Amino acid sequence: MEKVLVVDDEPSIVTLLRFNLEKAGYSVITAPDGKAGLKMAMEESPDFIVLDLMLPGMDGMDVCKTLRQEKIKTPILMLTARDDEFDKVLGLELGADDYLTKPFSPREVIARVKAILRRTNMNETPAATEDQVSVIKIGELTIYPDKYEAELSGTKLELTPKEFELLLYLANNQGKVLNRHQLLDAVWNYDFAGDSRIVDVHISHLREKIEEDTKQPLYIKTIRGFGYKLEKP
């Protein structure tokens, strides 16, 4: 049974999430503030974290940032009571996998948790031998879909699950121009109601990791007015 950590200081939200997550088949542990949530995230090894942005003592941004600095890659769904684009983008830049604005539907939370865990669990399949692993090579970039890994000039890239999925989708459509809504649908699997900034943030992160000069990218090109494409340098 997969374990979900809920970090929120509102008892009604915690009760609502616990009930619906347990009903969906998850084991649930909870923490009432940021410091307690960080401690449980590091000691209890949850499979997923639902993390409120506004927490007493230590806010959700700092919790997320600290976990990523400690190389803990547990998927994080951030909850925010403020419909502020800056908060959403900053949360994604710090390593959150997704976000929801309060008030939210419990059904939507469950759908997001399932979608993110499904993709993350792909990385937990038994390792294949080298001759069994399919490989995509584009210039000095090598992608191993079965291992959820990528290398640049022989050096392993440290990618989040979302960054890898975005890179893989671009690579599988090498040379094709893909608009933001296509990428949202393919990588995130649901409608972001026009909030395509999440794509731009992840493209920016990928470029920082694979491009020598992010202002003059060789691999991931911006096609103004259309979207992005990945091509061989």
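In this report, we go over the structure that sits alongside the text. Nothing here was measured: the structure is a model prediction, and the numbers come from that model.

## Brief notes about the pairing of strand E7 (residues 141-144)
Argument step 1. Burial along E7 is two-sided: Leu-141 and Ile-143 and Thr-142 and Tyr-144, pointing in opposite directions, are all buried.
Argument step 2. Pairing analysis gives three bridges linking strand E6 (residues 136-138) to E7, with the strands arranged antiparallel. What sits directly across from Ile-138, in E7, is Leu-141.
Argument step 3. Connecting E6 to the antiparallel partner E7 that follows it, the hairpin turn spans two residues, and Gly-139 within it adopts a positive phi of roughly 60°.
Argument step 4. Across four bridges, the pairing between E7 and strand E8 (residues 149-152) is antiparallel. Looking across to E8, one finds that Tyr-144 is bridged to Glu-149.

## What about the sheet that holds E8?
Argument step 1. Spatial ordering of the open sheet is given by E6-E7-E8-E9, a layout of four strands whose pairing is antiparallel. On the outer flanks of this sheet lie E6 and strand E9 (155-156), each paired with one strand and no other.
Argument step 2. Strands E6, E7 and E8 of the sheet are contacted by helix H6 (residues 161-172), whose axis makes an angle of about 110° with E7.

## Quick notes on the packing of aromatic side chains
Argument step 1. For the structure shown, the criterion picks out one aromatic pair.
Argument step 2. On the basis of an interplanar angle of 35° and a centroid distance of 4.5 Å, the ring pair of Tyr-148 and Phe-164 is categorised as tilted. Highlighted residues: Tyr-148 in the loop between E7 and E8 and Phe-164 in helix H6, separated in sequence by 16 residues.
Argument step 3. The class of Tyr-148 is buried, set by a relative accessible area of 10%.
Argument step 4. Among the residues examined, Phe-164 registers a relative accessible area of 2% and is labelled buried.
Argument step 5. The ring of Tyr-144 carries Lys-147 above its face, with NZ or CZ at 4.6 Å from the centroid.

## Description of the sheet that holds strand E2 (residues 27-31)
Argument step 1. With parallel pairing, five strands are arranged side by side in an open sheet as E2-E1-E3-E4-E5. Each edge of the open sheet is held by one strand with a lone partner, namely E2 and strand E5 (98-101). Geometrically, the sheet is characterised by an average inter-axis angle of 20° between neighbouring strands, direction not taken into account.

## Some thoughts on the packing of helix H2 (residues 34-43) against helix H3 (residues 60-69)
Argument step 1. H3 packs onto H2 with a crossing angle of 25° between their chain directions and a minimal axis gap of 9 Å. In this view, H2 runs roughly parallel relative to H3, as classed from their interaxial angle. Seen from above, H2 lies across H3 with right-handed handedness. Facing H2, whose interface residues are Gly-34, Leu-38, Ala-41 and Met-42, H3 presents Val-63, Thr-66 and Leu-67.
Argument step 2. Tallied by class, residues from the contact of H2 with H3 come to five nonpolar, two polar and no charged.

## What about the nonpolar core?
Argument step 1. Among the nonpolar cores identified, the biggest contains 51 residues, and Leu-51, Leu-141, Ile-143, Leu-167 and Ile-220 are the most heavily contacted of them.
Argument step 2. Sequence-distant contacts of Leu-167, that is, excluding residues within four places in its chain, are made with Leu-141, Ile-143, Ala-150, Leu-159, Leu-206, Ile-210 and Leu-230.
Argument step 3. Of all hydrophobic cores here, the second largest spans 18 residues; its members include Leu-100, Phe-104, Ile-116 and Leu-117.

## Quick word on helix H5 (residues 106-120)
For an α-helix, 3.6 residues make a turn, and residues three or four places apart therefore share a direction.
Argument step 1. Between the first and last C-alpha of H5 there are 21 Å, a value that for 15 residues agrees with the 21 Å anticipated at 1.5 Å per step.
Argument step 2. Summarising the contacts, the buried residues of H5 are in contact with helix H1 (11-23), strand E3 (48-52), strand E4 (76-80), E5, H6 and helix H7 (180-188).

Rules behind the numbers
Positions within a chain are numbered from 1, following the residues in the order the chain's sequence is written. For a predicted model such as this one, the threshold for reporting local features is a pLDDT of at least 70, and the threshold for listing and counting side-chain atom pairs is 80 or more; totals across whole chains, interfaces and linings nevertheless cover every residue. By convention in this description, side-chain values take in all heavy atoms of the structure and omit both hydrogens and water. Exposure categories follow from relative accessible area, calculated using a 1.4 Å probe and restricted to protein chains: below 20% of the type maximum is buried, above 50% is exposed, and the middle band is partly exposed. Only DSSP runs of H or I with at least four residues qualify as helices, and only runs of E with at least two residues qualify as strands; both kinds are numbered from the N terminus onward. Paired strands, in this sense, are two strands between which DSSP finds at least two bridges. Only heavy atoms matter for contacts: two residues are in contact if any of them lie within 4.5 Å across the pair. Angles here are taken between N-to-C directions and fall from 0 to 180 degrees, while the axes themselves are lines fitted to C-alpha atoms, restricted in helices to the stretch in contact. Here is the rule: rings of Phe, Tyr and Trp (six-membered ring for Trp) pair when centre to centre is within 6.5 Å. Planes less than 30 degrees apart are stacked, more than 60 are edge-to-face, and the remainder are tilted. Criterion for a charge above a ring: Lys NZ or Arg CZ within 6 Å of the ring centre, and within 35 degrees of the ring normal. Note that the term roughly parallel is reserved for angles under 35 degrees, roughly antiparallel for angles over 145, roughly perpendicular for angles of 65 to 115, and oblique for everything else. A crossing counts as left-handed when the near helix is turned anticlockwise from the far one by less than a right angle, and as right-handed when that turn is clockwise. Gly counts as polar in this scheme, as do all residues outside two lists: the nonpolar Ala, Val, Leu, Ile, Met, Phe, Trp, Tyr, Cys and Pro, and the charged Asp, Glu, Lys and Arg. By convention a nonpolar core is built from buried Ala, Val, Leu, Ile, Met, Phe, Trp, Tyr and Cys residues, the set being connected through side-chain atoms within 4.5 Å. Multiplying 1.5 Å by the helix residue count minus one yields the expected span of that helix.

Nothing here speaks to function; it is all geometry.
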